[in-house]
Amino acid sequence: MDFIESLIMNCSYKHFISLKFIFFSGAAGHRIEYKLSEEVRQAGYEIEPDELASLARAHDMMGLESNGGVEGLAGKVRVSLDQGVKTSEVHLRQSIYGLNQYDEKPSETFWMFIWEALQDLTLIILMVCAAVSIGVGIATEGWPKGMYDGLGIVLSIFLIVVVTATSDYKQSLQFKDLDKEKKNIIVQVTRDGFRQKVSIYDLVVGDIVHLSIGDQVPADGVFISGHSLSIDESSLSGESEPVKINKQRPFLLSGTKVQDGSGKMLVTSVGMRTEWGRLMVTLSEGGEDETPLQVKLNGVATIIGKIGLAFAVMTFFVLMGRFLVQKALNGNIKNWSFNDGVIILNYFAIAVTIIVVAVPEGLPLAVTLSLAFAMKKLMNSKALVRHLSACETMGSASCICTDKTGTLTTNHMVVNKIWICEKSKEIKINEGKDVLQSLIPEKVYSILLQSIFQNTGSEVVKGKDGKISVLGTPTETAILEFGLHLGGESSHYKESEIVKIEPFNSVKKRMSVLVSLPSGGFRAFCKGASEIVLGLCDRFVKANGESVSLSEEQRKSITDVINGFACEALRTLCIAFKDIENISEGDDIPDSNYTLITVIGIKDPVRPGVKDAVRTCLAAGITVRMVTGDNINTAKAIAKECGILTDDGLAIEGPDFRNKSPQEMQQLIPKLQVMARSLPLDKHTLVSQLRNTFKEVVAVTGDGTNDAPALHEADIGLAMGIAGTEVAKENADVIIMDDNFSTIVNVARWGRSVYINIQKFVQFQLTVNIVALMINFVSACISGSAPLTAVQLLWVNMIMDTLGALALATEAPTDGLMKRPPVGRSANFITRTMWRNILGQSIYQLAVLLVFTFRGKQLLMLTGSDASKTLNTFIFNAFVFCQIFNEVNSRDMEKINVFQDMFSNWIFIIIVVSSVTFQAIMVELLCTFAGTVPLSWELWLLSVLIGALSLIISVLLKCIPVEPTKRSAIAKHPDGYEPLPSGPDQA
């Protein structure tokens with residue numbers, strides 16, 4: 001699918017390139033002339049939607065210039081480049097220029113799911129059997145008695161198909177909703193003169209969109225203004241080289257990514273009129289790939305199905321053999337009647353039904369149900385699962401590499417301390433600007449404010465209510481808010497025009513800006529990681545406001561200030577400036593000989609609940625490692641507060657880590673708990689080492705564009721929903737909507753729940769499979785008849801497949817799940833504990849049911865013409881109640897108390913009650929169809945008691961200790977899964 005998609009995209013792009021060539025090389029007369037429609041004219045616009053869309057799509061510079069450039073286009077779509085679209089006009093623009101939504105492949109209807117469920121080969125064979133049975137039955141027994149057997153099979157098939165289709169249809173609707181949610185990108189626009197956030201679906205032609213690093217371009221448009229804006233168009237063109245966007249190359253295309261810089265664009269086309277939208281028409285959305293667990297269980301299902309097929313064939317031949325021998329002994333081998341045909345057809349139906357029961361189609365269904373249930377619950381808990389497999393993989397996570405800022409901390413930053421003019425000062429919100437102004441000279445105060453308001457990637461905006469707020473990253477916001485607190489205003493510095501910007505990135509760890517001064521000359525400002533900016537400085541501002549050379553002693557003194565701030569868990573930044581007389585247009589912003597203005601300490605408190613979440617991880621055998629770009633002292637202080645850094649743990653800086661040899665890395669990684677001043681490449685290296693060398697299942701958090709490689713490399717990539725860029729989210733498996741570490745732990749808890757719920761269901765289903773196969777086979781071999789009819793077996797199949805999956809796959813996680821080690825990569829899915837329970841319950845059920853099969857009439861003192869039918873009905877009833885009580889047993893594979901929290905799971909209760917109710921209807925009311933007879937209350941009570949006795953059998957089984965396998969005894973975690981105690985004393 002990926003190859004075909006890439007091929008189509010590349011072919012489409014070549015077509016697109018040739019279109020551009022035609023447009024550029026053609027004269028004005030060869031350009032398509034668009035006539036303004038009456039609808040567009042009446043709406044007050046002066047350009048056709050198709051003409052506007054063709055400009056960006058064909059990179060038509062001539063067309064743009066003929067329309068008066070970006071300002072002319074803005075006029076034609078009736079929008080101010082400063083004020084943006086008026087909210088009152090949004091609906092009108094959508095009706096004229098379209099919605100920002102792509103045509104999607106229509107979802108399958110309920111009837112399509114019915115049709116797919118009917119494609120099952122065994123069900124088709126059964127339907128043919130039922131049709132023949134009805135025909136033969138009516139011919140031999142007349143109407144309506146002759147049709148009951150066949151009609152009973154048809155009704156059972158119908159019930160199975162409807163239940164299966166309903167379940168699949170509901171899951172498809174849920175996945176569609178989740179898919180729409182993960183595509184819902186929040187975009188920053190200017191509307192009504194105010195900068196605000198809107199959904200990508202609400203974007204309209206004429207919107208002024210603000211772009212920054214990591215953003216996805218939400219529609220086709222034209223560049224208005226910006227700095228160092230470069231776009232990754234590889235999703236459209238396949239070319240990895242980023243495209244520089246400026247006045248000479250102003251066109252931006254939907255679906256591309258901002259790789260560097262920032263800027264503003266005017267939206268010229270949305271939805272299906274964009275190049276991306278046109279490509280989407282040629283591609284149909286591929287469904288979710290099967291998860292690793294689904295693949296593994298499909299293998300299990302195939303093996304069980306083959307065993308079932310062998311038993312079915314043997315059962316049919318045994319029944320046929322006995323039937324032919326009986327006819328031969330009676331001398332009727334040459335005399336055949338319709339009755340004989342019905343008997344043989346009945347044998348064939350029983351054999352086919354054994355296959356239906358044996359093929360555990362409920363296994364993949366259980367995985368889908370469990371994953372869908374977990375996804376829905378996680379969505380409510382602020383975690384959006386983008387890939388199904390992440391749910392189950394997270395249950396095996398043995399290590400989480402987490403960011404600090406925003407994940408472990410609140411991301412609500414405030415400037416807490418400042419060092420300036422050789423003085424440290426604690427900043428208090430209730431203090432006015434005069435307190436700091438009185439400490440430092442006016443000249444320094446002015447340069448400080450200029451550096452704050454001009455060297456920033458954020459923006460001070462005024463809302464509709466007149467309230468001033470700051471839009472941008474938490475760190476930038478804290479600094480701008482500090483500037484506002486000091487009495488500064490961004491409008492004061494408009495006279496100094498920005499000449500060049502180098503935006504912050506995680507490699508340089510700094511941001512620089514070059515401005516022209518009103519008095520002539522230029523001034524460069526630089527801010528970023530404290531030790532890096534300090535390293536660029538050779539001067540600093542003294543207490544009297546004068547700039548003097550920075551001696552080694554003074555550099556050490558300032559480093560001590562930085563470390564002092566960091567040890568108080570403050571995030572430290574340095575701000576510096578440099579005056580320049582002349583600079584050429586092509587020159588970069590200087591990276592040396594700066595004058596240090598200030599050291600700023602920003603407080604970002606640890607999130608409530610993080611310490612408990614880390615403790616939960618450690619108890620669950622999950623190692624938590626902090627990987628941050630912050631100062632090592634700040635990182636260590638926060639890590640200790642969170643409980644990540646222990647006394648025997650190791651904290652290291654990125655440069656030291658990346659210079660280690662592979663052998664040294666192998667020695668230090670097991671102790672590594674904190675990595676500070678790290679680059680994205682360091683995080684990627686750490687993840688690779690953990691996965692490949694230590695065979696860990698690694699979850700990684702990330703928010704920046706440069707985190708994408710590590711997110712992609714990890715077993716589970718966790719992107720931040722608030723602070724994360726679109727590039728990070730696209731490479732992640734799960735999006736943490738509230739950026740909270742506690743939510744990550746919740747994902748791990750649900751991942752483990754998915755795994756163990758499916759284990760419960762497999763244990764339950766294998767027990768039913770063994771008993772159903774063996775009882776019919778043994779009975780056929782010995783007595784020549786099967787006690788369970790085709791209709792009865794189909795009913796049992798529905799109880800254990802669809803309803804059983806629904807009951808056991810939707811169990812909520814318990815606290816005990818996070819008190820055991822994670823599942824190993826190579827762990828056996830069916831553990832020894834499960835085999836103990838499966839074989840124990842199977843032996844009990846087979847022993848009881850076979851005794852009643854061969855000695856039931858004597859034991860129950862049954863006489864009369866209906867004795868055989870009553871006995872078979874009793875065996876069927878007892879068998880069903882054994883499965884219902886075994887469903888309760890399967891709720892916990894180890895603990896004796898299987899009733900814990902059972903009554904809080906309303907789905908489980910409804911399914912058990914429904915199963916009992918339908919069983920009563922089958923036995924008492926649908927006698928003709930089900931091949932049953934009404935039972936006395938004594939036989940009903942005995943059926944229930946035989947089923948309930950499996951609860952006591954379960955208790956006895958759980959008292960049998962289970963030894964781990966040789967392989968798992970040597971492994972770190974027993975059996976890859978089972979640290980829970982076994983035996984009577986501990987169970």
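None of these values were measured; they are calculated from a predicted model.

Draft legend 1. Fine view of the sheet that holds strand β25 (residues 716-720). Spatial ordering of the open sheet is given by β8-β26-β25-β24-β9-β21-β23-β22, a layout of eight strands whose pairing is mixed. The sheet terminates laterally at β8 (383-385) and β22 (650-653), the two strands that pair on one side only. Neighbour-to-neighbour, the strand axes of this sheet turn through a mean angle of 20°, independent of strand direction. Looking at chain direction, strand β24 (residues 698-702) and β25 are connected through four bridges and run parallel. Bridge pairing in β25 links V700 to G717. Here helix α25 (residues 680-692) sits on the sheet and contacts β9 (399-402), β21 (623-627), β23 (672-676) and β24; the angle it forms with β24, its principal contact strand, is near 170°.

Draft legend 2. Local environment of the nonpolar core. Among the nonpolar cores identified, the biggest contains 148 residues, and M394, I716 and F741 are the most heavily contacted of them. No other element matches helix α28 (residues 741-783), which puts 21 residues into this core. In contact with M394, other than residues within four places in its own chain, are I400, A699, I716, L718, I744, V747, A748 and G751. One finds V90, Y97, V204 and L211 within the second-largest nonpolar core, a separate group that totals 50 residues.

Draft legend 3. Region of interest: the packing of aromatic side chains. Summed over all chains, the structure comprises nine aromatic pairs. Measuring from ring centre to ring centre gives 5.8 Å for F110 and W111, while their planes differ by 65°; the resulting arrangement is edge-to-face. Taking the relative accessible area as the measure of exposure, F110 reaches 23% and is therefore partly exposed. Ring geometry for F323 against Y347: centres 6.1 Å apart, planes inclined by 80°, an arrangement best described as edge-to-face. Placement of the pair is F323 in helix α12 (residues 292-329) and Y347 in helix α13 (residues 338-358), with a sequence separation of 24 residues.

Draft legend 4. The side chain of T572, seen in detail. Tracing the sequence through the fold places T572 in strand β19 (residues 570-580). Within the local environment of T572, its side chain forms a polar contact with the side chain of S530, the two groups lying 2.8 Å apart. Apart from the residues within four sequence positions on either side, T572 is in contact with G528, S530, I562, F565, A566, I600 and N631.

Draft legend 5. Looking closely at the packing of α28 against helix α30 (residues 832-860). Where α28 contacts α30, the axes come no closer than 9 Å and their chain directions differ by 30°. For the element pair α28 / α30, the angle class is roughly parallel. Crossing hand, α28 versus α30: right-handed. Its residues placed into classes, the contact of α28 with α30 shows 15 nonpolar, 10 polar and no charged.

Draft legend 6. Structural view of the confidence of the model for the chain. Taken residue by residue, the chain gives an average pLDDT of 81. The fraction at 70 or more is 86%. Mean pLDDT in the chain bottoms out at helix α35 (residues 966-970), which sits at 40, and peaks at helix α34 (residues 937-958), which reaches 94. For the stretch residues 283-287, pLDDT sits under 50, and the model shows seven contacts to residues farther than four places along the chain or on other chains. Taken together, the stretch residues 966-987 has pLDDT below 50 and engages in 47 contacts with residues farther than four places along the chain or on a different chain.

Draft legend 7. Representation of the environment of L211 within the structure. Topologically, L211 is positioned in strand β3 (residues 208-211). For L211, a relative accessible area of 4% puts it in the buried group. Distance in space between the C-alpha atoms of L211 and Q188 is 7.6 Å, their sequence separation being 23 residues. Among residues more than four places away in sequence, those in contact with L211 are Q216, V217, P218, L252, V258, S262, G263 and M265.

Draft legend 8. Geometry of the pattern of salt bridges. Scanning all chains against the criterion turns up 22 salt bridges. With a closest N to O distance of 3.0 Å, R93 and E89 form a salt bridge. By the burial criterion, R93 is buried, and E89 matches it. Among the ionic pairs, R891 bridges to E811, the shortest N-O distance being 2.8 Å. Of this pair, R891 sits in the loop between α31 (867-889) and α32 (906-924) while E811 sits in the loop between α29 (790-808) and α30, and the two are 80 residues apart along the sequence. The same class applies to R891 as to E811, namely buried.

Draft legend 9. Examining helix α21 (residues 610-619) more closely. Among the residues making up α21, those that are buried are V610, A613, V614 and C617. Down the axis of α21, the sector holding all buried residues measures 100°, keeping them to one side. Just downstream of α21 lies G621, where phi reads positive at about 80°.

Draft legend 10. How the structure looks around the pairing of β25. Burial analysis of β25 places five of its five residues in the buried class, the great majority of the element. Both faces of β25 are covered, namely the face carrying I716, L718 and M720 and the face carrying G717 and A719. Examined bridge by bridge, β25 and strand β26 (residues 734-736) share three bridges and lie parallel to one another. Following the sheet pairing, M720 is matched in β26 by I736.

Definitions and cut-offs
- Residues numbered from 1 in each chain as written.
- Predicted model: local features only at pLDDT ≥ 70, side-chain atom pairs only at ≥ 80, totals over all residues.
- Heavy atoms only, no water.
- Pairing = 2+ DSSP bridges.
- Helix = DSSP H or I, 4+ residues; strand = E, 2+ residues; numbered from the N terminus.
- Axes fitted to C-alpha atoms, helices over the stretch in contact; angles between N-to-C directions.
- Contact = heavy atoms within 4.5 Å.
- Core = buried A, V, L, I, M, F, W, Y, C linked by side-chain atoms within 4.5 Å.
- Buried < 20%, exposed > 50% of the residue type's maximum accessible area, 1.4 Å probe, protein only.
- Phe/Tyr/Trp six-rings, centres within 6.5 Å; stacked < 30°, edge-to-face > 60°.
- Polar contact = N/O pair within 3.5 Å; in protein donor to acceptor, adjacent residues only side chain to side chain.
- Parallel < 35°, antiparallel > 145°, perpendicular 65-115°, else oblique.
- Left-handed = near helix turned anticlockwise from the far one by under 90°.
- Nonpolar A, V, L, I, M, F, W, Y, C, P; charged D, E, K, R; others polar.
- pLDDT = per-residue confidence, 0-100.
- Salt bridge = Lys/Arg side-chain N within 4 Å of Asp/Glu carboxyl O.
- Arc of directions from axis to C-beta.

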